[in-house]
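# Structural features, examined
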Amino acid sequence: MMKIIFTLLVLIVMVSCRTDKKRDGGTEKITEGVQEKDSLLLALQDEVKAETLRAWNDYKKYAWGHDVLLPLSKNHFDWYKESLGISPIDAYSTLKVMGLHAEAKEIEDYALAMDWDKDLYVQTFEVNIRILGGLLSMYHYTKHDAILDKARDFGDRILPAFQTPTGIPTHSVNLKTGKQGGNHGEGDGYVVNVAQAATYLFEFGILSYYTKDAKYYRAAKKATKAIFERKSEIGLPGELINVYTGKWEGTRWHHLQAGVDAYYEYMYKSWMIFPDPEIKAIWDYSKSKIDQYLLDVYKGHHFYTIVDMDTGAVLKRSVSLYDAFFPAVQAIAGDIEAAEKNQKTWNWIWNKFEMLPTRYKYDEDIVEYANMEINPEIIESAYYLHQITNKDLYLDMVKKYWFDIKKHCKNDVAFNSIKDVRTKEKKDYLATFFFAETMKYLYIAFSQGDFDFNDHVFNTEAHTFKKSDFDPAKAKVYLGY
Ligand code: DMJ
């Protein structure tokens, strides 16, 4: 009820501002315009916070202690035979950003009680970005030694995955025994994609910084260099690699899409907090190859597509929704023009479906994988571009994404994913990154100066850190570069 009254008040203020604008002239118009914008943004920010709290309370009611909420069946799901508490650990930094401190405190207690000595093969990439990233962000907010101990313990348990001849980690690792595993536990192919191979610089760098133990960053850097050094003659890595032989397997494809994406994201973002010149050189080289080979200007739109790693020839004109992270990285790396053209293309696809399909073949206008899980990337990029260019156009995009999410995904219990973006058929799943990323980016996009974009840096799961917390001189020593 209070919410409805507040929204009505905001609308009345907006209408009266508009009427006054017609009567008055000059500078007053500008002031009123700003007030109008502020009230609307405040209402939107308030709404995102209220919806996050509603979804979080539903998670607690139907899934507390489990990895994932199933909102349609009012049930829960665990990634493995035991829960790792992925939703709570992912939600933590978002609740802190929103000032929901009591809810966040419950998660601190939950994390402190967590025993990582579990006989489970966990996916090295996924638990690094969600659990290690989440615990380190928890330490960033609390500076509580016991939380850092939990993060260090977790880091130590996934580190054995990196003990391979190439330094590239295996797909999974057993948290109790340290044994390496493949896609289905012990003993299969040990082939990983590039993102699974080399998305560790950021979390492992932070863990090295806080523990003053360089072993984590060294392992992450070795894995990144192992991918970079296996680039083709024209300078492109592949897509899938055998961690034992170091040979590319399966395809000769390259792209910056799902399965590669965060490899590129972490080169730039880790360098922002830990200015290791070797990593910056790898980024500069890689960025030039992305621009040279992956950019496909097709019918006026700017796609980053799938090419042959040996020739650079376009192999397939198809994109996945995860790729929409790239305008954000282009923008922070200073290539605003390319970022804006790329974001315009993503926004064009969004407006076709009022959401993004998991995979879309743009030359034939075909949806290849129709589902979506309220993924954050397009919102993240619009947010970055709004912060960096100050153009209202990007804020309008975020508003549209939020209105469409509410329209198609809001449920009696939290929010639901979508099975088919064409029919909007619902899917009984609420991904953990909905809490970590989607709602966080929406909230800070609608904030007005109370979240310092310039000082913050996010891991690929949107866990928050501050650049000013890391002293570059100390980083050089603690990370050993
Ligand atoms: C997140 O888990 C991470 O951002 C990851 O790097 C890829 N994308 C998903 C959300 O879509």
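No experiment lies behind these values; they were computed from the predicted model shown.

What follows deals with the overall build of the protein. From N to C terminus, the protein includes 17 helices and 19 strands. Relative to the 2.2 N^0.38 estimate, which gives 23 Å for 481 residues, the radius of gyration of the protein is 22 Å and therefore close to what a compact globule would have. Projecting the C-alpha coordinates of the protein onto the three principal axes gives extents of approximately 75 × 55 × 50 Å. Buried positions account for 61% of the 481 residues belonging to the protein. Total accessible area on the protein stands at roughly 18500 Å², and carbon and sulfur atoms take up 52% of it. Charge separation in the protein, taken as the distance between the mean sites of 61 positive and 69 negative side-chain charges, equals 1 Å.

Attention now moves to the environment of K400. Relative to the helices and strands, K400 resides in helix α15 (residues 392–409). When the C-alpha atoms of K400 and I379 are compared, they prove to be 9.9 Å apart, with 21 residues separating the residues in sequence. In this structure K400 touches W350, N351 and E354, once residues within four positions along its chain are discounted.

Counted residue by residue, helix α8 (residues 201–211) has eleven buried out of eleven residues, so it is predominantly covered. For α8, every residue scored as buried is listed here: L201, F202, E203, F204, G205, I206, L207, S208, Y209, Y210 and T211. Count one or two residues on from α8 and you reach K212, which has phi positive near 55°.

Here we come to unusual backbone geometry. At K212, a position not held by glycine, the phi torsion is positive, near 55°. With respect to the helices and strands, K212 occurs in the loop between α8 and α9 (215–228). Owing to a relative accessible area of 55%, K212 belongs among the exposed residues under this scheme. Of note, K424 is a non-glycine position whose phi angle comes to about 65°, a positive value. When you line up the elements, K424 lands in the loop between β16 (417–420) and β17 (425–427).

Turning next to the pairing of strand β10 (residues 301–304). Where burial is concerned, the two faces of β10 agree: the one with H301 and F303 and the one with H302 and Y304 are both buried. In this structure, strand β9 (residues 295–298) lies alongside β10, joined through four bridges in antiparallel fashion. In the strand pairing of β10, Y298 is matched with H301. The antiparallel pairing of β9 with β10 creates a hairpin that spans two residues between the two strands, and K299 there sits at a positive phi of about 50°.

As a further point, take the packing of helix α5 (residues 124–142) against α8. Interaxial distance between α5 and α8 falls to 10 Å at its minimum, and their mutual angle equals 35°. The handedness of the crossing between α5 and α8 is left-handed. Mapping the contact onto sequence places N128, I129, L132, G133, L136 and Y139 in α5 and E203, F204, I206, L207 and Y210 in α8. In terms of residue class, the contact of α5 with α8 is built from eight nonpolar, two polar and one charged.

Attention now moves to the site of the ligand. With respect to spatial proximity, the complete set of residues near the ligand consists of I129, R130, Y322, N375, P376, E377, F433, E437, T460 and E461. In the model, an oxygen atom of the ligand is placed 2.8 Å from a nitrogen or oxygen of the E377 side chain. The side chain of E437 places a nitrogen or oxygen atom 3.1 Å from an oxygen atom of the ligand. Calculation on the ligand without its partners gives an accessible area of 290 Å², and the protein chains cover 93% of this total. Counted by class, the shell around the ligand contains four nonpolar, two polar and four charged residues.

What follows deals with the packing of aromatic side chains. The full count for this structure, using the stated rule, is 46 aromatic pairs. Pairing F274 with F470 gives two aromatic rings, centres 5.2 Å apart and planes at 70°, and the pair type is edge-to-face. Taken together, the residues span a long stretch of sequence, with F274 in the loop between α10 (261–273) and α11 (277–294) and F470 in the loop between β19 (464–466) and α17 (472–479) at a distance of 196 residues. Neither F274 nor F470 differs from the other in exposure class; each is buried. Seen in terms of ring centroids, F451 and F458 are 6.1 Å apart; in terms of plane orientation they differ by 25°. Their pairing is stacked. When its relative accessible area of 11% is taken as the criterion, F451 is described as buried. Relative accessible area serves as the criterion here: at 0%, F458 is assigned to the buried category. Grouped by ring-pair contacts, the aromatic residues W56, Y59, W64, Y110, W402, F415, F434 and F435 constitute a single cluster. The positively charged end of K143 is found above the aromatic ring belonging to Y139, 5.6 Å away from the centroid.

On to the sheet that holds strand β11 (residues 306–308), then. Overall, antiparallel pairing links the three strands, which are arranged β8-β11-β12 in an open sheet. The open sheet has two edge strands with one neighbour each: β8 (253–254) and β12 (314–316). The pairing of β11 with β12 spans two bridges and is classified as antiparallel. Looking at β12, one finds that V307 is bridged to V314.

Another point: the pattern of salt bridges. Taken as a whole, this structure holds 38 salt bridges when the rule is applied. We note a salt bridge from K287 to D335, for which the minimum N-O separation is 2.7 Å. Highlighted residues: K287 in helix α11 and D335 in the loop between α12 (326–332) and α13 (336–353), separated in sequence by 48 residues. For D335, a relative accessible area of 22% puts it in the partly exposed group.

Do not read the predicted coordinates in detail wherever pLDDT is low. Of the residues in the protein, 91% reach a pLDDT of 70 or more, and the chain-wide mean stands at 93. Contacts for the low-pLDDT stretch residues 1–30, under 50 throughout, to residues beyond four places or in other chains number 20 contacts.

Rules used throughout
- Residues numbered from 1 in each chain as written.
- Predicted model: local features only at pLDDT ≥ 70, side-chain atom pairs only at ≥ 80, totals over all residues.
- Heavy atoms only, no water.
- Helix = DSSP H or I, 4+ residues; strand = E, 2+ residues; numbered from the N terminus.
- Rg over C-alpha atoms; globule rule 2.2 N^0.38 Å.
- Buried < 20%, exposed > 50% of the residue type's maximum accessible area, 1.4 Å probe, protein only.
- Areas by Shrake-Rupley, 256 points an atom, 1.4 Å probe, with all protein chains shown as cover.
- Lys, Arg positive; Asp, Glu negative; His and termini not counted.
- Charge placed at Lys NZ, Arg CZ, Asp CG, Glu CD.
- Contact = heavy atoms within 4.5 Å.
- Pairing = 2+ DSSP bridges.
- Axes fitted to C-alpha atoms, helices over the stretch in contact; angles between N-to-C directions.
- Left-handed = near helix turned anticlockwise from the far one by under 90°.
- Nonpolar A, V, L, I, M, F, W, Y, C, P; charged D, E, K, R; others polar.
- Near = heavy atom within 4 Å.
- Polar contact = N/O pair within 3.5 Å; in protein donor to acceptor, adjacent residues only side chain to side chain.
- Phe/Tyr/Trp six-rings, centres within 6.5 Å; stacked < 30°, edge-to-face > 60°.
- Lys NZ or Arg CZ within 6 Å of the ring centre and 35° of its normal.
- Salt bridge = Lys/Arg side-chain N within 4 Å of Asp/Glu carboxyl O.
- pLDDT = per-residue confidence, 0-100.

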